[in-house]
Each structure stands twice: as C-alpha cells, then as structure tokens.
Amino acid sequence: MSDDCWVSSNRAAFCTGGVGDDGLGYDFRVETARHEYLYEVKSALDEGGEFELSARELEVAGSASLERKRRYRILYVPFVFDPSRWCVLPLSNPAALDKRNRFRVVRSGSVRYRFERR
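Just so you know, these numbers come straight off a predicted model, no measurement behind them.

1. Some remarks on the pairing of strand β3 (residues 70–77)
Extensive coverage of β3 is indicated by the burial of six of its eight residues. Pairing geometry for strand β2 (residues 36–43) and β3, over eight bridges, is parallel. Within β3, the position partnered with Tyr39 by the bridge is Arg73. Where the polypeptide runs from β2 across helix α1 (residues 55–65) and back to β3, its parallel neighbour, the crossover connection is right-handed. Summarising the sheet, β3 and strand β4 (residues 89–91) pair through three bridges and their orientation is antiparallel. The residue bridging Tyr76 from the neighbouring strand is Leu89, located in β4.

2. As for the sheet that holds β3
What the four strands build is an open sheet, ordered β1-β2-β3-β4; its pairing is mixed. Two strands in the sheet have a free side with no partner beyond their single neighbour: β1 (28–31) and β4. On average, each strand axis in the sheet is tilted by 30 degrees relative to the strand beside it, whichever way the strands run.

Reading the values: rules and limits
Residues numbered from 1 in each chain as written. Predicted model: local features only at pLDDT ≥ 70, side-chain atom pairs only at ≥ 80, totals over all residues. Heavy atoms only, no water. Buried < 20%, exposed > 50% of the residue type's maximum accessible area, 1.4 Å probe, protein only. Helix = DSSP H or I, 4+ residues; strand = E, 2+ residues; numbered from the N terminus. Pairing = 2+ DSSP bridges. Right-handed = clockwise from strand over helix to strand, strands pointing away. Axes fitted to C-alpha atoms, helices over the stretch in contact; angles between N-to-C directions.

Have a look at this one:
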C-alpha cells in the first residue's frame, strides 16, 4: 500500500504526487500477486443504504465482473460527517451476475452524448 493506490482527484488534498483522475471509474487500486482490486467509495450523511454509480463506474464494474483477476468493490461509508458513527462497509460488485440479487435498482438513469457536426 502506498499513496499511489489512491487514484481519484481527492488524493490531492491528502497525498503527494499526481492530482488523480476521476475518469477511471474507481477511487483506489490495489494490486496483489493474485488480484487487482478496484475500490469505489460511496458515502451517505445518514445510515443510507443507497448509492449511485456513474456510467464509467458501471462500465468498469461490468468489465471487472467478467475477469478473474480484477475485483471491483464498493466501500460504503454511512454517517460520513460524524466520525463517532461512521464505518466502512465493503460491498460486492453490483454488476456481477452472481451478486446482483444483493442490490435493488432504485432509479435508473441514462447517459447523455454530444457530438459535433462536421
């Protein structure tokens, strides 16, 4: 583990080095001899129980669910602004076929595209 594991732009406030990239689809990347773990952090002000994934996060979660080496996980933090109550709840990949039944889609969205006419 090193500061390099934190890959999102939030790392700039706490780590040295690069500013990070929010377009990767995950916040932390940890490599072991057997697996590459991709962690996306989601939080709530209360006990929560819901989170939203961007199109890119869903894309990465879906592709990781098809590979044996890459593992996509959600780290869910309820009561994020109350240190006396918060904890980190590791959740499985909601895009994995064998784990989808652990989650319920509350609201579905769409991806908006833009193009330039030439």
